[in-house]
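Secondary and tertiary structure notes
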Amino acid sequence: MWPDLAALGGLFAAAFGAATILPFQSEVVFVALQLRDAAAIGTLVAVASLGNVLGAVVNYVLGLSFERFRHRRWFPATDRQLDRAQGWWSRWGVWTLLLSWAPFGDAFTVIAGIMRTPAWLFVLLVTLAKTGRYALLAWGTAAAA
């Protein structure tokens, strides 16, 4: 039981780290645990997804904090530019969160915080994207094994 919990903890940590701006790769850990039959596929998908979504939430919170520097001289956008960008993001950009599973998707999760995306919508779209990615990875691994 303890080795399984340690393996799942390692998967959670790798998935969490992979969703932040840190350079982690959770797919290798996921596939290794799946091939080793460390846990049921559903459990692996759930643990990896939870870790990855929570890592994305850290990025979102960082984005929320970033706007507090909006009135600093070095801030890269004027109030008008940021307001226009927030209008565009609200209408179209939020759907880029469905790409949050991709290598460049971490930037979208930070931008979502900067743009004040509603938290419920952020969590919903990111959860769909990241869980879908791990489910496809599990399916592909099973098909190849």
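Here, every reference points to the structure presented above.
Along each chain, residue indices are assigned from 1 in the same order as the chain's sequence is written. The model is predicted, so local features are restricted to residues of pLDDT at least 70 and side-chain atom pairs to those at 80 or more, both for listing and for counting; the totals for chains, interfaces and linings are taken over all residues. As a convention, hydrogens and water are excluded, and side-chain values are obtained from all of the structure's heavy atoms.

Some words on unusual backbone geometry
For Asp37, which is not glycine, the phi torsion reads 60° and is therefore positive. Relative to the assigned elements, Asp37 resides in the loop between helix 2 (26-35) and helix 3 (41-66). Overall, Asp37 belongs to the exposed group, its relative accessible area being 66%. Here Arg116, not a glycine, exhibits a phi torsion of approximately 60°, which is positive. Secondary structure elements are taken from DSSP: a helix is a run of H or I of four residues or more, a strand is a run of E of two residues or more, and numbering for both begins at the N terminus. On the secondary structure map, Arg116 appears in the loop between helix 5 (105-114) and helix 6 (119-144). Classification of Arg116 by relative accessible area gives partly exposed; the value is 42%. Exposure is judged per residue with a 1.4 Å probe applied to protein chains only, and the accessible area is read against the type maximum: over 50% gives exposed, under 20% gives buried, and values in between give partly exposed.

Quick notes on the packing of helix 4 (residues 79-91) against helix 5
Close contact between helix 4 and helix 5 brings their axes to 10 Å; oriented N to C, the two are set at 115°. Of the possible angle classes, the one that applies to helix 4 and helix 5 is roughly perpendicular. Pair helix 4 / helix 5 crosses with left-handed handedness. Facing helix 4, whose interface residues are Leu82, Gln86 and Trp89, helix 5 presents Phe108, Ile111, Ala112 and Ile114. Of the residues in the contact of helix 4 with helix 5, the class split is 6 nonpolar, 1 polar and no charged. Only the stretch in contact is used when a helix axis is fitted, and all axes are lines through C-alpha atoms; the angle between N-to-C directions ranges over 0 to 180 degrees. Roughly parallel means an angle under 35 degrees; roughly antiparallel means over 145; roughly perpendicular covers 65 to 115; every other angle is labelled oblique. By convention the crossing between two helices is left-handed if the near helix lies anticlockwise of the far one by an angle smaller than a right angle, and right-handed if it lies clockwise. Whether two residues are in contact is decided by their heavy atoms: any pair within 4.5 Å suffices. Only Asp, Glu, Lys and Arg are considered charged in this grouping, and only Ala, Val, Leu, Ile, Met, Phe, Trp, Tyr, Cys and Pro are considered nonpolar; every other residue, Gly among them, is considered polar.

Things to note about the packing of aromatic side chains
For this analysis, a ring pair means two rings from Phe, Tyr or Trp (six-membered ring only for Trp) whose centres lie within 6.5 Å, classed as stacked if their planes differ by under 30 degrees, edge-to-face if by over 60, and tilted for the remaining angles. For the coordinates displayed, the defined rule picks out 5 aromatic pairs. For the pair Phe30 and Tyr134, a centre-to-centre distance of 5.5 Å together with 35° between the ring planes defines the contact as tilted. On the criterion of sequence distance, the pair formed by Phe30 in helix 2 and Tyr134 in helix 6 is long-range, its members being 104 residues apart. The ring of Tyr134 carries the charged tip of Arg133 above its face, separated from the ring centre by 4.3 Å. Any Lys NZ or Arg CZ found within 6 Å of a ring centre and within 35 degrees of that ring's normal is scored as a charge over the ring.

What to know about the environment of Phe66
Inspection of the secondary structure puts Phe66 in helix 3. A sequence separation of 24 residues divides Phe66 from Gly42, and the C-alpha atoms of the two residues are 36 Å apart.

Quick notes on the nonpolar core
Throughout this description, the term nonpolar core refers to a set of buried Ala, Val, Leu, Ile, Met, Phe, Trp, Tyr and Cys residues connected via side-chain atoms within 4.5 Å. Counting residues in each nonpolar core, the largest one holds 16 residues, and the members touching the most others are Trp89, Val94, Leu97, Ala112, Phe122 and Val126. Of all the secondary structure elements, the ones that give two or more residues to this core are helix 3, helix 4, helix 5 and helix 6. With 4 residues, helix 6 is the single largest residue contributor to this core. Residue contacts for Val126: discarding those within four places in its chain leaves Val53, Ala56, Leu97, Ser100 and Thr109. Counting 14 residues, the second-largest nonpolar core is a separate cluster that includes Ala15, Leu33, Val45 and Val47.

Keep in mind these values describe shape, not function.
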